[in-house]
Amino acid sequence: MAVPFALETQVALSAVNRACHLTSSIFHSLVKGETLTKSDTSPVTIGDFSAQAVINTILHSAFPNDPIVGEEDAKDLRHETEGRILRERVTELANSALSKPLGNDIGVEEKAEWGIGEGVKRSADELLTAIDKGTYGGSRTGRMWCLDPIDGTKGFLRGEQYAVCLAFIVDATVQVGVIGCPNLPFEDADGQIVPGQGSIYVAVRGQGAEKRPFPPTPAKPVRLGIPNVSNPTLRLLESVEAAHASHSFNDLVSKSLNITAPSLRMDSQAKYCAVATQTSGPSPSSEAGHGGDIYLRLPVPGKNYLEKIWDHAAGALIISESGGAISDSYGRPLDFGLGRTLGENFGVVACAKGEVHEKVIKAIAEAREAEKKLKGE
């Protein structure tokens, strides 16, 4: 009997693996002038463009009829003068990733028909067109892919946490999620950190979730399972950037939950992966984990921010397939069928199922009341 979405999973793993190799190499050679600032003041690097070009090329080669919701577009690269240097670099770097020899180092037997392998060389126009395939508006019906080529660009620039995130969605339901975290340490099945290894996380609906070492090694994948225990030691994970989450509101939630430990701040969807493994950062053997890690993302008041689906699709599936709970801050399911955003979903909560999730949703409600009193409302 065929395994559901086996080909989609293989292609996604290949694409994310190649993009992770690319972004890792770019970090060590990134030079001044290879970063742009978007209209929302967030940086976008040569890595964002190159990774999206690589992944979209692979997706379009393997599944030419599937639309893609991606974060970036190629408008700035198309300027004849201002975009020339970046355009040339994107072309060079993307082709270097696409033309790597076919392999199976990530546990996938790569195929030339995916647009990869020795001798592959795309023109600048072809790669810019590939980047722009990510402009799909989303839909409640049909197949689509959702991509964030470098989630956590500021973390990437600091040499800290970032993630290459790819999700496959059918009829508004995430079916496959792959997140590459080159800087998130890989723990083997015995809970030991493997020196020099990052991680790639993969989940398929109904088939569970696992993590694999990056760069790939012969080490076996490790199955993920969020512990569901009574009264675990709780800890919040939140965004580094204050613009991405209300740290002051999170402090009120921590108070309501009687959390005394400081929140762990990290960039990108690596937070989802940390919750799924219940370990975070360079010291997973600390008191972190054991079912008590909570990823909390509440919008900054007054900004009217709508969560983008590429910031959560892959991570949401990894949490649910690890046995955890994923919802908005009111306990409602995340809706990936509203277009490019999560629409009326307000905030995101990811943690263990049952008792912990119920406590968090209650604590958020209590924090809202406390905030109103502080404001004199």
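Check the entry above for the structure.
Residues numbered from 1 in each chain as written. Predicted model: local features only at pLDDT ≥ 70, side-chain atom pairs only at ≥ 80, totals over all residues. Heavy atoms only, no water.

**Focus on the overall build of the protein**
Under the convention used in this document: We count a stretch as a helix when DSSP gives it H or I for four or more residues in a row; a strand needs E for two or more, and each element gets its number in order from the N terminus. C-alpha atoms define the radius of gyration, and 2.2 Å times the number of residues to the power 0.38 defines the globule rule. For every residue, the accessible area (1.4 Å probe, protein chains only) is compared with the maximum for its type, and the residue is labelled buried under 20%, exposed over 50%, or partly exposed between those bounds. What makes two residues a contact is simply this: any of their non-hydrogen atoms within 4.5 Å. Residues scored as charged are limited to Lys and Arg (positive) and Asp and Glu (negative), so that His and the chain ends carry no count. In plain terms, the charge of a residue is placed at NZ if it is Lys, CZ if Arg, CG if Asp and CD if Glu.
From N to C terminus, the protein includes nine helices and 14 strands. For the protein, the C-alpha radius of gyration of 20 Å lies close to 21 Å, the compact-globule estimate for 377 residues. A buried classification covers 55% of the 377 residues belonging to the protein. For the protein, restricting intrachain contacts to residue pairs at least 6 apart in sequence, the fraction spanning at least 24 positions comes to 69%. Within the protein, one finds 38 positive and 47 negative side-chain charges whose respective centroids are separated by 2 Å.

**Things to note about the packing of aromatic side chains**
Stated precisely, the cut-off is as follows: Classification of ring pairs rests on two measures: the distance between centres of Phe, Tyr or Trp rings, Trp counted by its six-membered ring, which must be within 6.5 Å, and the angle between planes, read as stacked under 30 degrees, edge-to-face over 60 and tilted in between.
As enumerated under the stated definition, the model contains seven aromatic pairs in all. For the ring pair Y330 and F346, a centre distance of 6.3 Å and an interplane angle of 55 degrees mean the geometry is tilted. With Y330 in the loop between strand 13 (324–327) and strand 14 (348–352) and F346 in the loop between strand 13 and strand 14, this residue pair connects regions lying 16 residues apart in the sequence. Look at Y330 and you get partly exposed, because its relative accessible area is 46%.

**With respect to the pattern of salt bridges**
Operational definition: Every case where a carboxyl oxygen of Asp or Glu lies within 4 Å of a side-chain nitrogen of Lys or Arg is listed as a salt bridge.
Enumeration over the complete set of coordinates arrives at 18 salt bridges. Across the salt bridge formed by R18 and E110, the nearest N and O atoms sit 2.8 Å from each other. Of the two residues, R18 is situated in helix 1 (residues 6–29) and E110 in the loop between helix 3 (84–98) and helix 4 (124–132); the sequence distance between them amounts to 92 residues. Like E110, R18 is buried. A salt bridge links E355 to K359; the shortest N-O distance between them is 3.1 Å. Here the residue E355 and the residue K359 both occupy positions in helix 9 (residues 355–374), the gap between them amounting to four residues, near one helical turn. The exposure class assigned to K359 is partly exposed, which follows from its relative accessible area of 34%. Connected via shared salt-bridge partners are E8, D66 and R143.

**Overview of the sheet that holds strand 12 (residues 293–297)**
Filter applied, for reference: A strand pair is defined by DSSP finding two or more bridges across the two strands. Structural elements are reduced to axes, namely lines fitted to C-alpha atoms, with helices fitted over the stretch in contact, and the angle between N-to-C directions of any two is expressed from 0 to 180 degrees.
Strand order in the open sheet formed by five strands is 11-10-12-14-13, with mixed pairing between adjacent strands. What marks the edges here is a single partner per strand, and that holds for strand 11 (264–265) and strand 13. Sheet topology note: the strand 12/strand 14 ladder contains three bridges and is antiparallel. Looking at strand 14, one finds that L296 is bridged to V349. Across the face of the sheet, helix 7 (residues 270–277) comes into contact with strand 10 (235–238), strand 12, strand 13 and strand 14 while running at roughly 155 degrees to strand 12. Across the sheet, helix 9 lies against strand 12, strand 13 and strand 14, angled at about 145 degrees from strand 14, the strand it touches most.

**Thoughts on the environment of L30**
Residue placement: L30 occurs in the loop between helix 1 and strand 1 (35–37). When the C-alpha positions of L30 and I46 are compared, they lie 8.0 Å apart, and in sequence the two are 16 residues distant. Apart from residues lying up to four places away in sequence, L30 is in contact with T35, I46 and L157.

**Some words on the sheet that holds strand 7 (residues 198–204)**
Judged by pairing direction, the sheet is mixed, and its seven strands sit side by side in the order 3-4-5-6-7-8-9 without closing on themselves. One side of each edge strand has no neighbouring strand; the edge strands of this open sheet are strand 3 (68–70) and strand 9 (222–223). Across seven bridges, the pairing between strand 5 (residues 163–170) and strand 6 (residues 173–181) is antiparallel. Residue pairing in the sheet places V170 in a bridge with T173 of strand 6. Along the sheet, helix 2 (residues 46–62) contacts strand 3, strand 4 (143–151) and strand 5; its crossing angle with strand 4, the most-contacted strand, is approximately 155 degrees. Contacts from helix 7 reach strand 5, strand 6, strand 7 and strand 8 (208–214), with the element oriented near 95 degrees to strand 6.

**As for helix 4**
What counts, and what does not: When we speak of the arc, we mean the arc of directions from the helix axis to the C-beta atoms.
Listing the buried residues of helix 4 in full gives L127, L128, A130 and I131. Around the axis of helix 4, the buried residues are gathered within 155 degrees of arc, so they sit on the same side.

**Examining the pairing of strand 4**
Of all nine residues in strand 4, eight are buried; the element is thus mostly enclosed. For strand 3 and strand 4, the ladder comprises three bridges, and the chain directions are parallel. What sits directly across from I68, in strand 4, is W145. Strand direction decides the pairing type here: strand 4 and strand 5, joined by seven bridges, are antiparallel. Its bridge partner lying in strand 5, R143 is registered against V170.

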